[in-house]
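One letter stands for each residue in the lines below.
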Amino acid sequence: MLTFFGVILILLACSYVGFAVAEKYRRRPQDLRYLQSALQMLETEIAYGATPLPDALGQVAQRCEKDIAALFTVTVDQLISGDGGTVREAWERALKHFCRQSAINSADAAVLTALGGNLGISDQQDQIKHLQLAREQLKIEASKAEVEAVKNVKLYNYLGFLSGLTIVIIFI
Amino acid sequence: MNLVSRSLENINNSLTGVVGVLPLHLRKMIHRLPPVILNQVEEVRLRYHRPLTIGLNSKDCFLHHTHGLTDTPEQAYIVNADDISRVIQLVSNSSIYALEEELRSGYITLPAGHRVGITGKVLTENSQVKTMKYISGFNIRVSRPMTGVADAVLKHLISPQGFVYHTMLISPPRCGKTTLLRDIIRQLSNGVPGLNFTGVTVGVVDERSEIAGCYHGIPQHDVGLRTDVLDACPKAVGMMMLLRSMSPQVIATDEIGRVEDVLAIEDILNAGVKVLTTVHGSSLEESNRRPVLTKLLQMKVIERLIILSRSNGVGTVEQIIDGSGKCLFKNRGD
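Basis of the calculations
- Residues numbered from 1 in each chain as written.
- Chains lettered and ligands numbered in written order.
- Predicted model: local features only at pLDDT ≥ 70, side-chain atom pairs only at ≥ 80, totals over all residues.
- Heavy atoms only, no water.
- Helix = DSSP H or I, 4+ residues; strand = E, 2+ residues; numbered from the N terminus.
- Rg over C-alpha atoms; globule rule 2.2 N^0.38 Å.
- Buried < 20%, exposed > 50% of the residue type's maximum accessible area, 1.4 Å probe, protein only.
- Contact = heavy atoms within 4.5 Å.
- Areas by Shrake-Rupley, 256 points an atom, 1.4 Å probe, with all protein chains shown as cover.
- Lys, Arg positive; Asp, Glu negative; His and termini not counted.
- Charge placed at Lys NZ, Arg CZ, Asp CG, Glu CD.
- Phe/Tyr/Trp six-rings, centres within 6.5 Å; stacked < 30°, edge-to-face > 60°.
- Lys NZ or Arg CZ within 6 Å of the ring centre and 35° of its normal.
- Axes fitted to C-alpha atoms, helices over the stretch in contact; angles between N-to-C directions.
- Parallel < 35°, antiparallel > 145°, perpendicular 65-115°, else oblique.
- Left-handed = near helix turned anticlockwise from the far one by under 90°.
- Nonpolar A, V, L, I, M, F, W, Y, C, P; charged D, E, K, R; others polar.
- Domains from an automatic or database assignment.
- Buried area = accessible area lost by both parts, 1.4 Å probe.
- Salt bridge = Lys/Arg side-chain N within 4 Å of Asp/Glu carboxyl O.
- Polar contact = N/O pair within 3.5 Å; in protein donor to acceptor, adjacent residues only side chain to side chain.
- Disulfide = S-S within 2.5 Å.

Caption draft 1: Spotlight on the overall build of chain B. Helix and strand counts for chain B stand at 11 helices and 17 strands. Radius of gyration (C-alpha) of chain B: 21 Å, near the 20 Å computed for a compact globule of 334 residues. The principal-axis extents of the C-alpha atoms in chain B amount to approximately 60 × 55 × 35 Å. In chain B, which comprises 334 residues, the share counted as buried stands at 48%. Long-range contacts, defined here as pairs at least 24 residues apart, represent 59% of the contacts in chain B between residues at least 6 apart. With an accessible surface of roughly 16000 Å², chain B has 53% of that area assigned to carbon and sulfur atoms. When the 36 positive and 32 negative side-chain charges of chain B are each reduced to one mean point, those points stand 2 Å apart.

Caption draft 2: Summary view of the packing of aromatic side chains. All names here are of chain B. Inspection of every chain in the model, using the stated rule, returns 3 aromatic pairs over all chains. Above the ring of Y107, the side-chain terminus of R115 is found at 3.7 Å from the ring centroid. Positioned above the aromatic ring of Y165 is the side chain of R304, whose terminal nitrogen or guanidinium carbon lies 3.8 Å from the ring centre.

Caption draft 3: Region of interest: the packing of helix α8 (residues 235–245) of chain B against helix α9 (residues 259–270) of chain B. All names here are of chain B. Relative orientation of the contacting elements α8 and α9 amounts to 20 degrees, with a least axis distance of 8 Å. Taken together, the axes of α8 and α9 lie roughly parallel to each other. Judged by the sense of rotation from one axis to the other, the crossing of α8 with α9 is left-handed. Contacts from K235, A236, M239, M240 and L243 in α8 reach E260, D261, A264, I265, D267 and I268 in α9. Partitioning the contact of α8 with α9 into residue classes produces 7 nonpolar, no polar and 4 charged.

Caption draft 4: Highlighting the domain arrangement of chain B. Residue and element names in this part refer to chain B. What the domain assignment lists for chain B is domain 1 (2–141) and domain 2 (151–330). When the buried area of domain 1 at its contact with domain 2 is split by residue, Y107, T109 and R115 rank highest and sum to 38% of it. In this assembly, domain 1 and domain 2 are joined by 2 salt bridges. One salt bridge connects R115 with E210, and the closest N-O pair in it is separated by 3.6 Å. At the boundary of domain 1 and domain 2, one finds 4 residue pairs in polar contact (both at pLDDT 80 or more). Here the residues of the side of domain 1 that touches domain 2 sort into 5 nonpolar, 3 polar and 4 charged.

Caption draft 5: Quick look at the state of the cysteines. Going through the model one piece at a time under the given rule, you end up with 0 disulfides over all chains. With no disulfide of its own, C99(A) lies 16 Å from the sulfur of C64(A), the closest cysteine sulfur. The exposure class assigned to C99(A) is partly exposed, which follows from its relative accessible area of 25%. The cysteine C61(B) is free of any disulfide, with C175(B) supplying the nearest cysteine sulfur at 19 Å. Exposure remark for C61(B): the relative accessible area of 4% places this residue in the buried category.

So, in structure tokens, the structure goes:
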């Protein structure tokens, strides 16, 4: 009886890990697409409205997909807290927090980090260029992510359960 | 205890906006200065690789690299590149791209009316200033509300019939010219019960955003109940705009000196509107040497000239002269 429960437990745990990894692969292209459109909104705010950055980021946070809104809301909170921090610092803190809860990987985070170092510190044309560059890079990452998703989602879905099964077979 | 904390709060109120644009470690250093000194701070200057200078109303000091103030540059806190880049971000609300107009004119107005002058490499296009790059210096000027500084001069500016005279303030820089102008505007606009003067509509053309200290178009200084402000508008154009659109009884403007300003003033005089203005200079003779002003003074339309100095502290009224050259008031010193 106990063995039976053990087996079920191992199978469930391993399947869960597999599903979680697969879910990350499945969600990454989507998050990257959301990020691209959020950066597009930010570009519009800066290019046409010359909206001050805290307001512009707040607007984007309200209008973008809620999965990625945290990146912008946390940055805004830091900026308006009045602790004298720069955009780069606020953005990096927000990004660290965001990386944990979203599906983006370190390459995507590097693109965003580079963008954060340039936000708000130059004239409009320059800002637009930096935002376009970041969008371009995210697009490339997104197409890679699509390919990886096709390859890996099914793989990890099965791999979790099967590795559980392997463990069970070896130990019984 | 209560009193102490309250007085600290007062200091904080006038300095918060100024100190708020400095990096955290500099804020702490400045907040540790004794309240007597904090109350005297007129400006904070940051220049790259040079000592952080604090302008008090009596003299300039350097901020000591650990505590207090110092007069020796060797012991002073030296402004570094990180300080400069942080101040740029804090002053611009993290949005330099939104400040192109301000960078062109070389200063930014903060909420509460403080002014930040900026220097750096200026980029030009067709001999017009396009923007500024490699910003390396700041002068943060503290603006304190000074109500009542015009009390002593007002009785000379209002005729027995209750009209305002055409008035010109003559003063060297940093003698409280704009502060006095602002208080005259406020009192003319609100009315002066002591002189039986009910308020008049005042139009202000605030080209350098110094009089009203507008932030997003809203005056941050008290300029009176009946005052309309055209912020950041060229003086000559602005005076005509106000004349046509806001039917002011008095038009006030700061630092006239160009030909078109004087032409606009002539138009205003013909429209029966009173003029209240200032010029740079330390005496009537000096102002008279500037061709543009000579013309205005020769027209003999200015009815009251007020000459300021720092001889008994900021905002000392040296002399008040009427249109015929008669002296109405003369400072006899202490």
